[in-house]
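# Commentary on secondary and tertiary structure
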Amino acid sequence: MKIKLFLVALVLFLTPSESFNQSFNQPYVARVGAKVISDSEFLERYEFTPGFRRHIKQMDDTNKLEFLFTLIAEKLFALEAKNLRLDTTEVIQFSRKAFERMFVRDKLFQEEIRNKISVSEKELIEATLKNNSKLYVNFLFSQDKNEIEQLYNYLTQGIPFDSILVESPEYEEQKEPIEVLFGQMEESIEDSLYKMKVGQFTKPMLTPDGWYIFKLVNKSQNFFLTDEDKENAKKTVFRIVENRKLIKRQKEFYAEYLRNKKVDVDPKLFEMLAQKISSIFEYKRKNFTYQENQPTYLDAYDVLKIENEIDAEKLSAPFVKFDKEPVTFKEFIRTLAFDGYNSKEYKINFIRASLDFQTKRFIEHELFYREGLKRGYNKLPEVQNEVERWLDNYLFQMLQNQIVDSIQVSDEELREYYEMMNQQKEFPTVVNIIEVLTDDLSIVDTVLNELKKGTDIRLLAARYSIRDFTKGRNGEFGKFPVTSYGEIGRIAASMQVGEIYGPLKVPEGYSIFKLIEKDTAYVEKPKTFEQVKEQYKQDLAFQKAKMKLTDYTYNLAMKYNIDLNISELDKIQVTRLPSFGIRNLGFGGKITAVPILAPNVEWAYRWIQRQNKKLIP
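Summarised in this report is the structure supplied together with it. (Residues numbered from 1 in each chain as written. Predicted model: local features only at pLDDT ≥ 70, side-chain atom pairs only at ≥ 80, totals over all residues. Heavy atoms only, no water.)

### Topic: helix α4 (residues 60–83)
Selection rule: Working definition: helices are DSSP H or I runs of at least four residues, strands are E runs of at least two. Numbering for both runs from the N terminus. Helices are assigned an expected span. That span is 1.5 Å times one less than the residue count. Only protein chains enter the calculation, and the probe is 1.4 Å; a residue is then buried if its accessible area is under 20% of its type maximum, exposed if over 50%, and partly exposed in between.
Over its 24 residues, α4 runs 35 Å from end to end, which matches the ideal 34 Å to within 8%, given 1.5 Å per residue. By the criterion of burial, α4 is predominantly enclosed, with 21 of the 24 residues buried. Just downstream of α4, arginine 85 is the residue with a positive phi angle, here 65°.

Written out as structure tokens, the structure is:
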């Protein structure tokens, strides 16, 4: 690639000055205006941003450099967005506070929950002994306490467990005993089962589902033969014990902190919001294609629709009535969408129940956030850096979208493009892909894990993809020119058949796709102007947007000073395994581990040439 041609020149000529080096207390790979890209930020963003050909050792330098330029482009757009005062807009100010809420709350969780637990060696030994065994059980179940006690009386009187079980509704699902592994059941029940001898049964045990009586049918040993198996088992045991202690400590903290706290919500505004969400979700589910268990999300367009239908006085009215600084109706609605509110149902009773749960959760989160503010967590560098990182990405997206939205294609341009393109000729690149499209981060994680195991992406697409036109085709697009489908087409053009890329952030959610065909010659017979008008308009707009964004980024690179620290970049050791991470936030909620970026390096070719011309007489 072109980048390789300039790599040596960069190492020789783009070295930072000594005074610049001394102005930073931590290692960095680049400075963009007043923004510093530290080693730690680069490594974290690189490792958790999907990329293809990462497995090729010889491409480490190129991959790192290309990603650095992609990261620099984000910082350039963020700087310019602030220069244009986009950071003062209502949507960005709201986003800043939303990110601050998340990371302050997460910091409180670290301090009050995670940092206050520890796993002792004794606990690990006891848990390891359990993990070394598999249990096989049968059970009797009832939601009625009197009924389960009667069954227990029969057992104590000597009536065989199996005789009762065979007459029970749950018999069909356990003709073979149920296998129980360490960590699968509630801890108190699990402790009872591991203490039992084969053939014994428990007393009635209450669970969230109802009452159970378990019988231990058999017990076997787990054998971990390889060092890798032993190490994985050790990690699993530690994680299970730690998670259980986290849950216990979190329950204690909830009881301590939320005791005697009461916060009211405006009932009339609550009902108004429930009715509007119900109406919007009903329209979506009746007019768009949804899979059976696919939830409907409250998106930005829905929020604008709701706000436009409510007068300003109601929007600014207190909705969550804290004693100090109550949360307005408008702020709550936007937070609801920002947090990803969704429902699989649209009927009003379901929406009321769902919204009630979400409101209670919001109040808890807001209380934790305000506690974090009292402790000054919002002023901690680690929290401020997190907020700034995500805000930079939002500013980058906002400015980029403004540029793309400004693209216009005139009738004259469209006619000229038609005359040029609509001839019988060979298209240089036509591709076909299998895609899994989802708007659910949990599904993204599941798909990536399944792909690592070797699961056929067609099966995953059939199960999870939400793109309408590929349904019934197991996620297959059919052949298309790489100028179509935006970033998907552009990235597919650089891939080899068999390679998988993703997740890629697209307007509909997250796309994970595999290139299955790539033709270097494709002949198309001429079509009428009306047949191709809309498609050509989209293609031409995409091309113009790509050129404009490349030029815009290059001009920003010339406007804001960029200093590269290539020697530091060389020191950073990266893995060659494709990674994607989901960050579980303290007290609930999740985001991608880092803001996801699509490759953006075209502008850098010109910038590098410019630097060499300036530096070489």
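### Focus on the pattern of salt bridges
Put simply, the rule is: For salt bridges, the criterion is a side-chain nitrogen of Lys or Arg within 4 Å of an Asp or Glu carboxyl oxygen.
For the structure on display, the rule yields 57 salt bridges. In this structure, the salt-bridge partner of arginine 96 is glutamate 388, at a minimum N-O distance of 3.8 Å. Pair noted here: arginine 96 is in helix α5 (residues 90–112) and glutamate 388 is in helix α16 (residues 381–405), with a separation of 292 residues, a long-range link. Accessibility expressed as a relative area gives 23% for glutamate 388, which makes it partly exposed. Each member of the salt-bridge network shares a partner with another, and the members are Lys35, Glu41, Arg45, Glu74, Lys75, Lys82, Arg96, Glu388 and Asp392.

### Re the sheet that holds strand β16 (residues 509–519)
Worth spelling out the cut-off: For two strands to be treated as a pair, DSSP must find no fewer than two bridges joining them. Contact criterion: two residues are considered in contact whenever any of their non-hydrogen atoms come within 4.5 Å of each other. Angles shown run from 0 to 180 degrees and are taken between the N-to-C directions of axes, each axis being a line fitted to C-alpha atoms and, for helices, limited to the stretch in contact.
Overall, antiparallel pairing links the four strands, which are arranged β14-β13-β16-β15 in an open sheet. Looking at strand neighbours, the two that pair on one side only are β14 (480–481) and β15 (500–506), the edges of this open sheet. Taken together, the nine bridges between strand β13 (residues 430–438) and β16 define a ladder with antiparallel strand orientation. Considered in β16, the bridge of isoleucine 433 is made with leucine 515. In the packing of helix α19 (residues 457–464) onto the sheet, the strands contacted are β13 and β16, and the crossing angle to β13 comes to about 50°. Sheet strands in contact with helix α20 (residues 486–493) are β13, β14, β15 and β16, and its direction is about 40° off that of β16.

### Some remarks on a negative patch on the surface
Our working rule: The residues that make up patches have over 30% relative accessible area and no salt bridge, and they are joined within 9 Å when like-charged or within 5 Å when they are Val, Leu, Ile, Met, Phe, Trp or Tyr. Each accessible area value is a Shrake-Rupley result obtained with a 1.4 Å probe; residue values ignore everything except the protein chains displayed when judging cover. Here Asp and Glu are counted as negative and Lys and Arg as positive; His is not counted, and neither are the chain ends. Taken as the charge centre is NZ of Lys, CZ of Arg, CG of Asp or CD of Glu, depending on the residue.
The grouping of Asp227, Glu228, Asp229 and Glu231 at the surface amounts to a negative patch. Here aspartate 227 is to be found in helix α10 (residues 227–258). Assessed through its relative accessible area of 64%, aspartate 227 is described here as exposed.

### Description of the packing of aromatic side chains
Just so we agree on the cut-off: Between rings of Phe, Tyr and Trp, where Trp is taken as its six-membered ring, a pair exists when centres lie within 6.5 Å; planes separated by under 30 degrees are stacked, by over 60 edge-to-face, and by other angles tilted. By definition here, charges over rings are those cases where NZ of Lys or CZ of Arg is within 6 Å of the ring centre and within 35 degrees of the ring normal.
Inspection of the entire model under this criterion finds 40 aromatic pairs. Pairing tyrosine 212 with phenylalanine 214 gives two aromatic rings, centres 5.4 Å apart and planes at 5°, and the pair type is stacked. For phenylalanine 214, a relative accessible area of 4% corresponds to the buried category. Where phenylalanine 281 meets tyrosine 341, the ring centres are 6.2 Å apart and the plane angle is 20°; that geometry is what we call stacked. Pair noted here: phenylalanine 281 is in helix α11 (residues 267–287) and tyrosine 341 is in the loop between α14 (329–338) and β11 (342–343), with a separation of 60 residues, a long-range link. Aromatic ring contacts, followed pair by pair, group Phe109, Phe253, Tyr254, Tyr257, Phe368 and Phe587 into a single cluster. Looking at lysine 261, its charged tip hangs above the ring of tyrosine 257, at a distance of 4.2 Å from the centre. The lysine or arginine in question, lysine 505, covers the ring of tyrosine 510, its NZ or CZ lying 5.3 Å from the ring centre.

### Overview of the side chain of threonine 70
By the element assignment, threonine 70 lies in helix α4. Overall, the relative accessible area of 5% leaves threonine 70 in the buried class. Look past the residues within four positions of threonine 70 in its chain and what remains in contact with it is Leu597, Ala598, Pro599, Asn600 and Val601.

### Considerations on helix α6 (residues 121–131)
Put simply, the rule reads: Note that the arc is defined by the directions from the helix axis to the C-beta atoms.
Burial in α6 covers these residues: Leu124, Ala127, Lys130 and Asn131. Take α6 and look down its axis: the buried residues cluster within an arc of 120°, on one side only. Exposed and oriented more than 90 degrees from the buried face of α6 are Glu121, Lys122 and Leu129.

### Description of the packing of α5 against helix α15 (residues 348–374)
In helix packing, the relevant descriptors are the interaxial angle and the interaxial distance, both defined with respect to the helix axes. Our working definition: Any angle from 65 to 115 degrees is called roughly perpendicular, while one under 35 is roughly parallel, one over 145 is roughly antiparallel, and all others are oblique. Amino acids outside the nonpolar list (Ala, Val, Leu, Ile, Met, Phe, Trp, Tyr, Cys, Pro) and the charged list (Asp, Glu, Lys, Arg) are all regarded as polar, and Gly is one of them.
At their nearest, the axes of α5 and α15 sit 8 Å apart, and the two run at 75° to each other. Judged by the inter-axis angle, α5 sits roughly perpendicular to α15. Contact residues: α5 offers Lys97, Glu100, Arg101, Val104, Arg105 and Leu108, while α15 offers Phe362, His365, Glu366, Phe368, Tyr369, Glu371, Gly372 and Leu373. Across the contact of α5 with α15, the residue classes break down as six nonpolar, two polar and six charged.

### Description of the packing of α5 against α14
Rules: Whether a crossing is left-handed or right-handed is set by the direction in which the near helix is turned from the far one by less than a right angle, anticlockwise for left-handed and clockwise for right-handed.
α14 packs onto α5 with a crossing angle of 65° between their chain directions and a minimal axis gap of 11 Å. The angle between α5 and α14 places the two elements in the roughly perpendicular class. In terms of crossing hand, the pair formed by α5 and α14 is right-handed. Taken together, the residues of α14 that come into contact with α5 (itself represented by Glu90, Phe94, Lys97, Ala98, Phe99, Arg101 and Met102) are Lys330, Glu331, Arg334, Thr335 and Phe338. By residue class, the composition of the contact of α5 with α14 is five nonpolar, one polar and six charged.

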